[in-house]
Amino acid sequence: PSSDCVVAEQLCLSDSTCNATYRTLENCALAKTRLLSLDHDSRVRCLNAELDLGNSSLLHCKCHRRMKRQEHCLRIFWTVHSSMTDAENNCASPLPSTVEHWKTDYNKLAALVSGKNCSQLAGDATNPCLKATHVCNLSKKCFRLRTDYASICTKGAGSEDVCDRRKCHRGLRNFFEKVPEDFTKRILFCPCQDEFCGERRRKTIVPDCSFQYNTKPNCLWVLDSCLEDHICKSRLADFQQNCQPVDMSPDGCSLHNHAACLQAYMGMIGTPMTPNYVSNSSVEVSLWCTCENSGNQKEKCDQILGMFESNKCL
């Protein structure tokens, strides 16, 4: 099993050679964070320090989704892998590639979202999203954390005050991390056959606060915001790894695991790259951003937007 990065860091700091190498990597990561340009010798030194870790547990450590001190753990991971900060290079995910005992449910859910057997499970006279909310309310933890983020994310609604987006995102992450997925996935992926149900599903993440700005920012700016945040950068790497589309594949998915892809998608909610349903009448999702005025980076911008809008795997 992959070691915990927090434990791996403690082991490394107790060894003088590993400690010195790790301190070098900390300086490299700090320079990246502050957008300082490194000269050739400094870049070589950073790459050599990463290689010097060899088979150290630090080089192969992971951060589990629901662990304590998650942000500290992710900071350690990206310190060790400081050369991998561009979106194209985010192939290694700090999150273990496992879908626990929810796998079967997720695969059923993937079928539901694609429109199969909706009437059979939902019933023509019911609102499955409303029903999912009622089920959540029966759980003290689900009800409390859902109420918490809803309260934070709706402050300032209807007035000139803007909501505290950072707190809203943190509340959303708390909900999706701490509430059992048997509740959260049903609320987020409930199958709908009418617009009332679709609107409730779309508003699960309180789009006025967590998703939308007054004007759509450029997707390259959204990506930069994500890469500056350890949690978002980690979850984007996880999303890219588990939702990588392949045109030639029968199911459109390189890993053939829609369960892992849906779980990775849920992980993006509550980050600067929070996705959402684009309307109350479809299951199409997108980021709240545009690729207009992207200049010579238009292709890169389209790729970022396409990760959600036209991803056959997702």
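Here, residues in each chain are numbered from 1, in the same order as that chain's written sequence. In keeping with the predicted nature of the model, local features appear solely for residues at pLDDT of at least 70, side-chain atom pairs appear and are counted solely at 80 or more, and the whole-chain, interface and lining totals rest on all residues. By convention in this description, side-chain values take in all heavy atoms of the structure and omit both hydrogens and water.

Per an unreviewed UniProt entry, the protein chain carries the name GFRA4 protein and comes from Rhagologus leucostigma. UniProt positions are given in the numbering used here, feature names are shortened, and annotations may be inferred rather than shown by experiment. In UniProt, the protein chain has this text filed under Sequence similarities (unreviewed entry): "Belongs to the GDNFR family." On record in UniProt, under Subcellular location (unreviewed entry), the comment for the protein chain is "Cell membrane".

(A) A look at unusual backbone geometry. With a phi close to 55°, Val 206 is a non-glycine residue in the positive phi region. Phi angles above zero are rare outside glycine, and Asn 293 is one such case at about 60°. Note on conventions: DSSP H or I runs of at least 4 residues are helices, E runs of at least 2 residues are strands, and numbering of each starts at the N terminus. Along the chain, the position of Asn 293 falls in the loop between strand S2 (285-286) and helix H16 (298-309). On the accessibility criterion, Asn 293 (78% relative accessible area) is exposed. Each residue is placed in one exposure class: buried if its accessible area under a 1.4 Å probe, protein chains only, is under 20% of its type's maximum, exposed if it is over 50%, and partly exposed if it falls in between.

(B) Expanded view of empty space enclosed by the protein. In the cavity and pocket records, a cavity denotes points on a 1 Å grid over the protein atoms alone where a 1.4 Å probe fits but cannot get out, a pocket denotes an open set with protein on both sides within 12 Å along at least 5 of 7 lines, and lining residues are residues with an atom within 4 Å of a point. Grid points are joined across faces, edges and corners, and a volume is the space filled by probe spheres set on the points. One pass over the full model with this rule turns up two cavities of 30 Å³ or more. Together, 15 residues line the largest cavity, and Arg 65, Phe 176, Glu 177, Arg 235 and Gly 267 are the ones closest to its centre. Elements that contribute at least two residues to the lining of the largest cavity include exactly helix H9 (165-178), helix H14 (230-242) and helix H15 (258-268). Counting residues per element, the lining of the largest cavity draws most heavily on H15, at four residues. Tallied by class, the residues present in the lining of the largest cavity amount to five nonpolar, three polar and seven charged. The nonpolar class holds Ala, Val, Leu, Ile, Met, Phe, Trp, Tyr, Cys and Pro. Asp, Glu, Lys and Arg form the charged class, and all remaining residues, Gly among them, are polar.

(C) Summary view of the nonpolar core. Take the buried Ala, Val, Leu, Ile, Met, Phe, Trp, Tyr and Cys residues and link them wherever side-chain atoms come within 4.5 Å; each set so joined is a nonpolar core. By size, the foremost hydrophobic cluster in this structure holds 49 residues, and its most contacted members are Phe 175, Leu 236, Phe 239, Tyr 265, Met 273, Ile 304 and Phe 308. Contributing elements (two or more residues each) for this core: helix H7 (128-137), helix H8 (140-153), H9, helix H10 (181-188), helix H13 (219-227), H14, H15 and H16. Split by domain, the residues of this core number at least three in each of domain 2 (104-212) and domain 3 (216-313). Setting aside residues up to four positions removed in sequence, Tyr 265 forms contacts with Leu 188, Phe 189, Phe 239, Pro 275, Asn 276, Val 285, Phe 308 and Leu 314. In this structure, Leu 25, Cys 61, Phe 77 and Ala 237 belong to the second largest nonpolar core, which totals 21 residues. In this document the domain limits rely on a domain assignment from an automatic tool or a database. Here a residue-residue contact requires only that any non-hydrogen atoms of the pair lie within 4.5 Å.

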